[in-house]
Each structure stands twice: as C-alpha cells, then as structure tokens.
Amino acid sequence: MVDFNDIEQVGQIDGVKAYILVNEKGKIIFQNIEAPEKMAHMISVCLKNAFAIAKNRLKYIYFPLPTKNDIYIFPVGRFGLGVVKHQKISNMVFVQKIIQFLNKLVHP
Amino acid sequence: MIVFCEDCGGKNSLPSYEIQDNLVIFRCMFCAYPNKYTLESTNKTNAAKNPASDEKSVSISQIISFKDIIGGLVYHRNKGILVNHMPKTLTREDLDFLGSNLFENIDICQKLNIDIEQMILYISHRHTAVRQINANCIIVVIAATQQALHQISGLFNHLVCDSFQLNG
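Residues numbered from 1 in each chain as written. Chains lettered and ligands numbered in written order. Predicted model: local features only at pLDDT ≥ 70, side-chain atom pairs only at ≥ 80, totals over all residues.

Caption draft 1: Up close: the overall build of chain A. Counting its secondary structure elements, chain A contains 3 helices and 5 strands. Taken from the N to the C terminus, the helices and strands of chain A come in the order α-β-β-α-β-β-β-α. For 108 residues, the compact-globule estimate of 2.2 N^0.38 gives 13 Å, and chain A sits close to it at 13 Å. Structurally, chain A occupies a C-alpha span of about 30 × 30 × 25 Å along its principal axes. (Helix = DSSP H or I, 4+ residues; strand = E, 2+ residues; numbered from the N terminus. Rg over C-alpha atoms; globule rule 2.2 N^0.38 Å.)

Caption draft 2: Representation of the nonpolar core within the structure. Membership of the largest hydrophobic core comes to 62 residues, with the highest contact counts inside it found for Val83(A), Ile138(B) and Val141(B). Shared between two domains, this core holds at least three residues of each, these being domain 1 (2-38) and domain 2 (44-158) of chain B. Not counting residues up to four positions away in its chain, the partners in contact with Val141(B) are Ile63(B), Ile64(B), Ile69(B), Gly72(B), Ala129(B), Leu149(B) and Ile152(B). (Core = buried A, V, L, I, M, F, W, Y, C linked by C-beta atoms within 7 Å. Buried ≥ 20, exposed ≤ 12 C-beta atoms within 10 Å, placed from the backbone. Domains from an automatic or database assignment. Contact = placed C-beta atoms within 7 Å.)

Caption draft 3: Layout of the sheet that holds strand β8 (residues 126-132) of chain B. Taken in spatial order, the 10 strands of this open sheet run β2(A)-β1(A)-β5(A)-β4(A)-β3(A)-β7(B)-β8(B)-β9(B)-β5(B)-β6(B), and their pairing is antiparallel. In this open sheet, the two edge strands, each paired with only one partner strand, are β2 (28-31) of chain A together with β6 (80-84) of chain B. Averaged over all adjacent pairs, the angle separating strand axes in this sheet is 20°, with direction ignored. Inspection of the sheet shows strand β3 (residues 58-63) of chain A paired to strand β7 (residues 118-123) of chain B by 4 bridges, in the antiparallel sense. The partner of Tyr60(A) across the bridge, within β7(B), is Tyr122(B). The strands touched by helix α2 (residues 36-54) of chain A within the sheet are β1 (16-22), β2, β3, β4 (71-76) and β5 (79-85) of chain A together with β7 of chain B, with β1(A) carrying the most contacts at an inclination of about 70°. On the sheet, helix α3 (residues 91-106) of chain A packs against β3, β4 and β5 of chain A and is oriented at approximately 20° with respect to β4(A). (Pairing = 2+ DSSP bridges. Axes fitted to C-alpha atoms, helices over the stretch in contact; angles between N-to-C directions.)

Caption draft 4: Broad picture of the packing of α2(A) against helix α3 (residues 92-112) of chain B. Packing of α2(A) against α3(B) leaves a shortest axis separation of 10 Å and a crossing angle of 170°. In this view, α2(A) runs roughly antiparallel relative to α3(B), as classed from their interaxial angle. Touching Lys38(A), His41(A), Met42(A), Val45(A), Cys46(A), Asn49(A), Ala52(A) and Ile53(A) of α2(A) are Leu98(B), Asn101(B), Glu104(B), Asn105(B), Ile108(B), Cys109(B) and Leu112(B), all from α3(B). Looking at the contact of α2(A) with α3(B) residue by residue, the classes come out as 9 nonpolar, 4 polar and 2 charged. (Parallel < 35°, antiparallel > 145°, perpendicular 65-115°, else oblique. Nonpolar A, V, L, I, M, F, W, Y, C, P; charged D, E, K, R; others polar.)

Caption draft 5: Quick look at the environment of Thr128(B). All names here are of chain B. Among the secondary structure elements, Thr128 is positioned in strand β8. What makes Thr128 buried here is the crowd of 23 C-beta atoms within 10 Å. Linking Thr128 and Ser16, residues 112 residues apart in sequence, is a C-alpha distance of 33 Å.

Caption draft 6: Quick look at the environment of Thr67(A). Tracing the backbone through its elements, the reader meets Thr67(A) in the loop between β3 and β4. On the neighbour-count criterion, Thr67(A) (9 C-beta atoms within 10 Å) is exposed.

Caption draft 7: Region of the structure containing the confidence of the model for chain B. Residues and elements named next belong to chain B. Residues with a pLDDT of 70 or more make up 81% of chain B, whose mean pLDDT is 78. Per-element averaging of pLDDT across chain B places helix α1 (residues 44-49) at the bottom with 40 and β7 at the top with 93. Throughout residues 41-56 the model reports pLDDT below 50, and contacts reaching past four residues in sequence, or to other chains, amount to 22 contacts. Predicted confidence is poor over residues 161-168, with pLDDT under 50, and the contacts of this stretch with residues over four places away or in other chains come to 23 contacts. (pLDDT = per-residue confidence, 0-100.)

Below is the structure:
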C-alpha cells in the first residue's frame, strides 16, 4: 500500500509546477494547484473513460497547452495523479521522471 | 469514391467519372438531400513528403498516410463514426465506444479549461491524439511514436474534411 505522503513528494521533482491527487470519485486527497475542484473533476472523468477503453494498459494522459505548462494525469492504482509541468522542462524528460518516481513507490 | 452527405452525414459511393473538376453532385441515398459541393485537393503524396508545406487544407486520409500513423477516425456526437481509417480488427461497436468515450473526455476537459485543444493518451506503446474539430466532432489519430504525432500536430489546424460537412 503506497502512502499518500510518499506520493506528495512528487512536488519535489524538478519540473513539477503543481500537483493534485484524487480518488476515483473525484475526492481530493492533496493538492497545491489552481482551481482544484475543476481539476479533480477533469481527472476523475478522464480516468474513468480512459480505463473503460484501455483498462490497466493506460500509462498517462497528456494535455499540451499553449503556455507549455502541460497537464499530465497518471493512474496510481484507483487514484489519479494530476501534474502540471513547468514550461522549461522537456516533455520526455518530465514523463520519465514521474514514471520513475511512481515505479519507485510501487517497487521500492 | 466515397462521399458524405452534407445533411445527414450518410456515406455514399460515386463512380469517379461522375466527379469533374472536383465538383460533386449527387442525391443522398439515405435522406435524398441534393448535395452539390467542391472537393479540396487530396494529394496524399505531397503532404506525406512535405508535412510543412503551405497546403491550406488537409484531409484525414493525408494525416494517416504519414509514417508511423496507425489509424484515425472522425466521430460525430450524434451521428457516430463519420470517417474510419482504423485497423480492420476493430468492429463498428468498438469504434463507436472509443469515439463516444473520447468525445466525452475532450468535451469535458475543454469546458473546464478553455486552453485545452488536444488530449493525448499513452496506452500500450501507442499514442492516441484526440482533438475537437467543432462542437460536435472530434478527430482521433493513433500513432506508434510520439514523434509521428508531433509531425502531424500542425496539420490539425488545416484539417478540412473535404468530402463531408463537419459543421452542425
């Protein structure tokens, strides 16, 4: 069982501008993001539909934005981790870092 | 040639000799609507060779002709699948399910964040790009690599579906 406090360390990763963790019903577990309720709703709907299509093969969902502060949603068990990327970091490096971080939590 | 009715979106087949100077005139076999419209250029080869060309209009068939693009579709909120270039292993029900789920996703996300134009799902080493064309239509493109999606992303802005009406 992964501790929520461990997941919240995602905020320490270089390139993470903001983050939010929600459960499958959209309840916020922790966040430091603008408009958290909107984001929580978006994450829960997106994950529900994406799981219906992909089941457990879903790795992440990504929303490129004109500001380059792109939004990512990573499934963490039955939870959804929303992360806003800092505009200066490359997408590929950012995704690698988050996936490595989550893998370490699951397989320490 | 497959052409689509401007009124109901129905798929009609026309012999190519009936299309002259890119002008299409036919009565829809489903709703009897008298269609008359001009096709845009659909030169696949040019677009595939030169993705950064100044072509003002792009069709979905041009987009899926790019290297590492696996398939694509256009889904309408009320009419279902309008254009299908997906692998044949997927049934009509599969595609409708895929289209309706992805439509709901991008629609809700855009209502919550107006800056969102595109959604990309990474599923089993496949990159699926979803983009809303208008209030009722989305285009879905599946690629084997992220670079392939990056290559075609600029073309989405020029997408016109030359053989059917997307508005409405």
